[in-house]
Structures are given as structure tokens and as C-alpha cells.
Amino acid sequence: MSATDSEALIDLSGVVFSRGPNRLFNGIDLQAHRGEVVAIMGPSGTGKTTLLRLIGGQLRAHAGRVAVGGQAVDRLSRRDLYRLRRRMGVLFQSGALFTDMTCFDNVAFPLREHTGLSEALIRTVVLMKLEAVGLRGARDLYPGELSGGMSRRVSLARALALDPEIILYDEPFAGQDPISMGALMQLIRQLNDALGLTSVVVSHDVDETLRIADRAYVISGGEIIAAGTPEALRDSESRWLDQFLNALPDGPVPFHYPAPPIADDLRAEAP
Amino acid sequence: MTAALQRLGASTLETAATLGRAVLFLLRVLRGSGELLRRPGLVVREVYSVGVLTLVIIIVSGLFVGMVLALQGYYTLVDFGAEQSLGVLVALSLTRELGPVVTALLFAGRAGSALTAEIGLMKATEQLAGMEMMAVDPEHRVIAPRLAAAILSLPLLTLIFNVLGIAGAWLVSVNLLGVDAGSFWSQMQAQVSFSDDILNGLIKSVLFGVMAGWVAVFNGYDCRPTSQGVSRATTRTVVVTSLIVLGLDFVLTALMFD
Amino acid sequence: MDNSRTMEIAVGAFVAAGLAAAFVLAMQVSNITAFQRAEGYTVDAYFQNVGGLRERAPVSLSGVQIGRVSAIDLDPDRFEARVELTIRSQYDDLPSDTAARVRTSGLLGEQYVSLQPGGMPDSLGPGDEITLTQSALVLEEIVGQFLYEQSGGDGQ
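Residues numbered from 1 in each chain as written. Chains lettered and ligands numbered in written order. Predicted model: local features only at pLDDT ≥ 70, side-chain atom pairs only at ≥ 80, totals over all residues.

Below, the discussion takes up the overall build of chain B. Of the regular secondary structure elements, chain B holds 10 helices and zero strands. Its C-alpha atoms give chain B principal-axis dimensions of about 65 × 55 × 30 Å. Taken across its 258 residues, chain B has 49% of its residues classed as buried. Long-range pairs, those at least 24 residues apart, make up 87% of the contacts in chain B between residues at least 6 apart in sequence. (Helix = DSSP H or I, 4+ residues; strand = E, 2+ residues; numbered from the N terminus. Buried ≥ 20, exposed ≤ 12 C-beta atoms within 10 Å, placed from the backbone. Contact = placed C-beta atoms within 7 Å.)

If you tally the helices and strands in chain C, you get two helices and eight strands. Mapped from its N terminus to its C terminus, chain C presents α and β elements in the order α-β-β-β-β-β-β-β-β-α. The buried share of chain C, taken over its 156 residues, is 21%.

Of the residues lining the interface, 13 residues belong to chain A; the matching set on chain B comes to 10 residues. Residue assignment for the side of chain A that touches chain B shows that the elements contributing at least two residues are α2 (78–85) and α3 (103–114) of chain A. Ranked by residue count, the leading element in the side of chain A that touches chain B is α3(A), at three residues. Each residue belonging to the side of chain A that touches chain B can be placed in one class, and the counts come to six nonpolar, four polar and three charged. (Nonpolar A, V, L, I, M, F, W, Y, C, P; charged D, E, K, R; others polar.)

Residues and elements named next belong to chain A. Spatially, β6-β7-β8-β3-β9-β10 is the arrangement adopted by the six strands of the open sheet, whose pairing is mixed. With one partner strand each, in any of the chains shown, β6 (88–91) and β10 (223–228) form the two edges of the open sheet. Neighbour-to-neighbour, the strand axes of this sheet turn through a mean angle of 15 degrees, independent of strand direction. Two strands pair when backbone bridges link them, and strand β3 (residues 37–41) and strand β8 (residues 198–202) are joined in this way by four bridges, in the parallel orientation. Residue pairing across strands places Ala39 opposite Val201, the latter belonging to β8. Helix-sheet contacts for helix α1 (residues 48–56) involve β3, β6, β7 (166–170), β8 and β9 (215–220), and the interaxial angle to β7 is about 155 degrees. (Pairing = 2+ DSSP bridges. Axes fitted to C-alpha atoms, helices over the stretch in contact; angles between N-to-C directions.)

What follows concerns unusual backbone geometry. Although it is not a glycine, B:Glu126 adopts a positive phi angle of roughly 65 degrees. One can find B:Glu126 in the loop between α5 (86–124) and α6 (127–133). Given 20 C-beta atoms within 10 Å, B:Glu126 falls into the buried group. Phi is positive for C:Phe79, which is not a glycine, with a value near 55 degrees. Tracing the chain through its elements places C:Phe79 in the loop between β3 (64–75) and β4 (80–88).

What follows is about the packing of helix α4 (residues 55–77) of chain B against α5(B). A pair of packed helices is captured by two measures, namely the crossing angle of their axes and the spacing between those axes. All names here are of chain B. It is at 10 Å that the axes of α4 and α5 come closest, and there the two elements cross at 145 degrees. For the pair α4 and α5, the sense of crossing is right-handed. Judged by residue contacts, Ile57, Ile58, Ser61, Val65, Gly66, Leu69, Ala70, Gly73, Tyr74 and Leu77 of α4 engage Leu86, Leu89, Val90, Ser93, Leu94, Leu98, Val102, Thr103, Leu106 and Arg110 from α5. Grouping the amino acids of the contact of α4 with α5 by side-chain chemistry returns 14 nonpolar, five polar and one charged. (Left-handed = near helix turned anticlockwise from the far one by under 90°.)

Right, let's talk about the domain arrangement of chain C for a bit. Taken as a whole, chain C is organised into domain 1 (2–30) and domain 2 (37–144). The straight-line distance from the C-alpha centre of domain 1 of chain C to that of domain 2 of chain C is 43 Å. (Domains from an automatic or database assignment.)

Turning our eyes to something else, we now look at the pairing of strand β2 (residues 58–61) of chain C. Residue and element names in this part refer to chain C. Bridge count between β2 and β3: four bridges; the pairing is antiparallel. Across the sheet, Leu61 pairs through a bridge with Val64, a residue of β3. Between the antiparallel neighbours β2 and β3 lie two residues, among them Ser62 with a positive phi of about 55 degrees. Where β2 and strand β6 (residues 111–116) come together, three bridges link them in parallel fashion. In the sheet register, Ser60 faces β6, and the bridge partner there is Ser114.

All names here are of chain A. Interhelical geometry of α3 versus helix α4 (residues 119–132) gives an angle of 125 degrees and a closest axis separation of 9 Å. Between α3 and α4, the interaxial angle falls into the category oblique. Remark: the crossing between α3 and α4 carries right-handed chirality. Here α3 contributes Phe104, Val107, Ala108, Leu111 and Arg112 to the contact with α4, which in turn contributes Ile122, Val125, Val126, Lys129 and Leu130. (Parallel < 35°, antiparallel > 145°, perpendicular 65-115°, else oblique.)

Attention now goes to the interface of chain C and chain B. Each partner contributes to the interface: chain C provides 20 residues, whereas chain B provides 26 residues. Ranked by residues supplied to the side of chain C that touches chain B, first place goes to helix α1 (residues 2–29) of chain C with 14 residues. Class assignment for the residues of the side of chain C that touches chain B results in 16 nonpolar, three polar and one charged.

Across a sheet, strands are paired by hydrogen bonds formed along the backbone, either parallel or antiparallel in direction. Residues and elements named next belong to chain C. Pairing in this open sheet of eight strands is mixed, and the strands run β7-β1-β4-β3-β2-β6-β5-β8 from one edge to the other. Of all strands in the sheet, those with a lone pairing partner are β7 (129–130) and β8 (132–134), marking the two edges. One ladder, built from eight bridges, connects strand β1 (residues 40–47) with β4; its direction is antiparallel. Each bridged residue has a counterpart across the sheet, and for Ala45 the counterpart in β4 is Val83.

Turning to the pairing of β6(A), a few remarks are in order. Side chains on a regular strand alternate between the two faces of the sheet. All names here are of chain A. Burial of the side chains of β6 extends over both faces: Met88 and Val90 are buried on one face and Gly89 and Leu91 on the other. By the bridge criterion, four bridges tie β6 to β7 in an arrangement that is parallel. Across the sheet, residue Val90 finds its bridge partner in β7, namely Leu168.

A few words on helix α5 (residues 148–159) of chain A. Residues and elements named next belong to chain A. Between its first and last C-alpha atoms α5 spans 16 Å; for 12 residues at 1.5 Å apiece the expected length is 16 Å, and the two agree. Along α5, 10 of the 12 residues are buried, which leaves the element largely enclosed by surrounding structure. Looking at α5, one finds that the buried residues are Met150, Ser151, Arg152, Arg153, Val154, Ser155, Leu156, Ala157, Arg158 and Ala159. Turning to α5, the residues buried within the fold contact β6, α3, α4, β7 and α6 (178–195). (Expected span 1.5 Å × (residues − 1).)

One finds A:Leu168 and B:Ala212 to be the most contacted residues of the largest nonpolar core, which totals 146 residues. Among the elements that take part in this core, helix α7 (residues 138–177) of chain B stands out by supplying 21 residues, more than any other. (Core = buried A, V, L, I, M, F, W, Y, C linked by C-beta atoms within 7 Å.)

Here we come to the environment of B:Ala91. Residue and element names in this part refer to chain B. Mapped onto the secondary structure, Ala91 falls in helix α5. When the 30 C-beta atoms within 10 Å are taken as the criterion, Ala91 is described as buried. Sequence spacing of Ala91 and Ile166 is 75 residues, and the spatial spacing of their C-alpha atoms is 6.3 Å.

Rendered as C-alpha cells:
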């Protein structure tokens, strides 16, 4: 599954990033090798989506190095950055389909913008991409007519249109019913293996993500607190990791917001 | 007291920052306008939604403004026995001032707010970010055609407004109020200069088109990507465009007609 | 997709309508048709007072417009207003002693130049000067004169 002898296609080292007063990342080291499915997990608000934006070059790290395919992303000119982005596909949390176009036109969009292919050829490619995600029959529907899971799959087809080497998934399982979730999980894993992709999945749906990932990183408090294969993480002794992975309501991350003892609160005079 | 001053200072800086962003934004969009010559289909589509769909309100307003001008002008001129000059009054008022200004204001309300809402919603639903990640510059692909459409449409709409205004005035003057058709047209033709009045009005409308288009697309692009942000941006477009058009009109009138 | 075809037709119609409106404004509303400067010859007339005469005001003879005022400026030597009249070439045998007068059309209308033909056999040519001129009536002077006469002139 994972090619241990290939170079890291995505390589983050010592990345520091702040948003306003919050220091989101305090020296992150992260790698994704060719052919791997890498998961990035952590509680909400830890900036996992921001990490994807750093990889895609939409944000610039304040310190450290973000390299994709050996190139430092923040050093690239606009044209080179755009050329790099054509090798990446991104699946946004909201799907980000163009609402004024049909599914067919959405998937055809990158082809029409970047290639000089004839309409007949484009049609073939689009139908094949939609077939890969199981939505060839929905090609004339508008995004407004699709369910959440379906629009994510169309987004995936669009992300695959130019045959990228890397796909970034931003919370692909959020808010999905079990069937859609199952479909997406299968798609992510199978497409990754069949097309030789490198996938980075950002999610806090632990079970689903760990089932398809080759390696996982867990981020909290701006740092990577755990990294390794899913088995290694489950076997870990860390109590924090135990709480996170097993969805325990109380543990190192407390259930109760800090407050004085309840007896004192009830005894106090009402104002 | 000091808190109020602090807020004033902060909001002044904020306004300056917004203005700077807007100018840089405009420069980036203009740089992408070369692409439009290769893909005119994009502009055609936007001219339809910005120009053609505004046509109805322009036609109706033009007619009514012309008719009201004729009525009001008649009541005043008839006291001096000068009602034969009604044609001149209406034509000059329309071509020099009312045509460009009223059309621009109506445009801001109908098309400008629609542009802002459309772009703001694309931002809020991450369509613009998605486009960027697909290595397509949204400023060239989405914004530039819409700005070009505004600049092209507004002069055309103004011309149509003027013609309909004069037609409405003719209807009321000659058919309703009994002004002599011959003097209506001949005095107008004698007094209205193509280069001074009509062309100047046209130049105004082109400049108004630039302003209205720029404000509309910038507010959409710059807004906060929430539903509240989009709605605020839409209102802002109408207000700011109206103020800029009226202020610019004053400056242009002073420069052009002296 | 014939949705985009309808769109293209609509946009084309819109642009055509706009251009047609421009054409109508130019032809029907403005003075562009009377804008031919080259088709005429110019003569000068000097006036003491041109009143409210403006450039492009009509020049008429017996009530028929035969030309336009093409320029008005002050002659620094004679301290008179020099009015340049462009007469259409077809009216090329105006007598050389034609008189020019600034009149008002109606009570509050615009002012124009009215020509009164004389009797001389030779004609005005390009660049000639109309020597017999009568200035515009200035309302204040007329009223002042009227009041002066009313109060019996110098006497009493």
C-alpha cells in the first residue's frame, strides 16, 4: 500500500502559522508519500482546513517549509503555483460546485479551461469521471438538485478531471448518512489505489478515517501529538489519544467547563 | 470622548484600507481583460444578465421621466409664452443630466445589487476558492467579464433611456398639451449639439458604468462570506454607487458644461 | 444549447437597439445635420453689441435660414465684436451692401442674425465684410430711454 522508498510528495517541516492572536501551528512536521492515504485528525477548531490551504498555496506559512513535489509552495510565482495546482485536486467541505452549471459542465470546467480538447473528447472524459463516482446518470442535474453526498461525489469527479497526482479532502464525511459515508470511503480508497494518487484526508470522523488511512497524524494545540499507522495509534498508551479515538466524553479534555463546586453555587444567595 | 475619536480614527484607516484594496483589485481585474477578447462568449453572457434584463425598468422609467419633464416644463414655460421651447428643455435635460444619472442609479439598484449578491454568494459557497484551487483565476474568469459587461451596457441603456424620454415628452407635449410639433423638433434640433450635449452625456455614462461595475464587483468579492455579509454588501453597493454617481456627475458637469 | 443562442440574440438585439438610439439622437434630436462647415463661405460683420447672440445661431434672410454664426470674438483694434457668418454656398450673390442685424425670435427666444439685402450689383465674396450692421437691442437701454423721454427730457 504505502511506497516507503519513494520521496515524500507533500512535505511540511517546522510550519508555523497564526491567525490573528491565535497560534494555529507551532512547528508542524508532516509527510505524505506517493500512493498513500494520509489522515489528519484532531478536535474542531485546530486548523485542519488551514493546513490544506497551506498545502495548496492559498495561505503562506509564517515560518517553516511547505513543499509539494519538491517545490516550496510559498516561493512559487503565480504562474508556477497555478501549474502546480493543476496537479492537485481539492474536495471542499461544501462541495463548491458552480451552482449555475449542470454537473456535466462542472466536471468539464477544468478541462475546458486548461486543455484544448474537443468537445467530443471532453464529453468522453467527463462521462468516465462521473462513472467512476457512480453519478453518470445525474450529469444533467444542477447542484441544487443533488443531495449533500451526491454533490460531494460530483466534486470528486471534478477534482479528478485533470488526472491529478494529489487529492486533498476537507472533511469529506461531515454530516453524511451511513450509506453516503460508506460510498465516499470506498471511493477515496479505491480511487487512490487504482489511479496511484496521494490523498490527504482531513477529518474528525475517527472510525471512518482510520479504516481507510495508511498513516494518520493527530493535531491538537498547534502540535502533532501522535503520528503513525492506525494500529499504532489505537495501541498507544496516551490517555488523550484514548479519549479522542474512543469518543469518551470525559478524560484529559474535561467535560465540565471550569466552575466552583456545585454545592457552593446552590447555597449562594440569589441576586 | 477619546473613545469616539479612536473609533473615528479606526474607521478612517479602515476606509483607506478598503479604498486601497479596491484599487489593487481593479488593477488585477484589468490585467485579465486581455483574455476577454479571446473569449467574448463570457462577456455576452454577462451583458445579457446585466444589460438586457435591466432594459425593462429603463424603458418604463425613461418614458415616465420624459412625460413628467414635459408636463412640469410646460406649466412653467407657458407663463412666459415659451412653451414652444419644451422640446429643447426636455432634450437638454435628458441628454446632459437625467439620462446618464438616472440610468446609472437604476442600474445600481437592479444590476449592481444583483452582481454583488451573485459574487458574494459564490464567495460564501467557496466557489471562488474552488476555482482558484483549480488553477483558474476567478478575477479573470468571473469578475472581468462582469465589469466589462457593466461598462458596455450602461451607455447603451442611457441612449435608450434618452430616446424613450424624448418620445414620452413628445407624446405628452404634442398630443396632450398641444405644443406645435414643428417647433418642438426644430428648436430641439437647433439647440442640441451632438458633440457638446449627446457625446458628453455618453462620456458620463461610460464613466458611470466603470464606477457602478467596479463598486458592484468589488463589494461582492470583498464581502464577509456569510449571509449577513452578502446582504450588507448588496446594500452597500447601491448606496455607494449612488453617491459616487451623483458626486462624479457634479464634477463632470462643471468640467464639461461651462 | 439553444439557451445560449437565445441569450446571444437578445444581447445582439440590445446592442442594436442602443446603437439605433444613438443614431436617432444624432439625427433627430441634435444639430448634427446642420453641422457642415465646409459647405459655405464666410463673411465678417462687426457689431457694437452682440447681446445674447451665440455661436451656431442661425443667419436668415427674409426669415429663411441661409447660414450659421460660426465664430464670435472681440476685435482688439476696433473694440467691436467680430461675428463670423458661414453662408451656404448656394446663396452666393448677396449684394455687397447687405445689412446685418441681431434680432430676437419671439420675446424670450434665442437671438439670431437677420440679413437685409441692399441694391448693389456686386456680391459678397468669401472673407468680405458686411459694413452695415445694427447691434442687438439691449433692454435696459430701451427702458432707460423710455423713462428719460417720459420725464420730459432735459427740461422741467
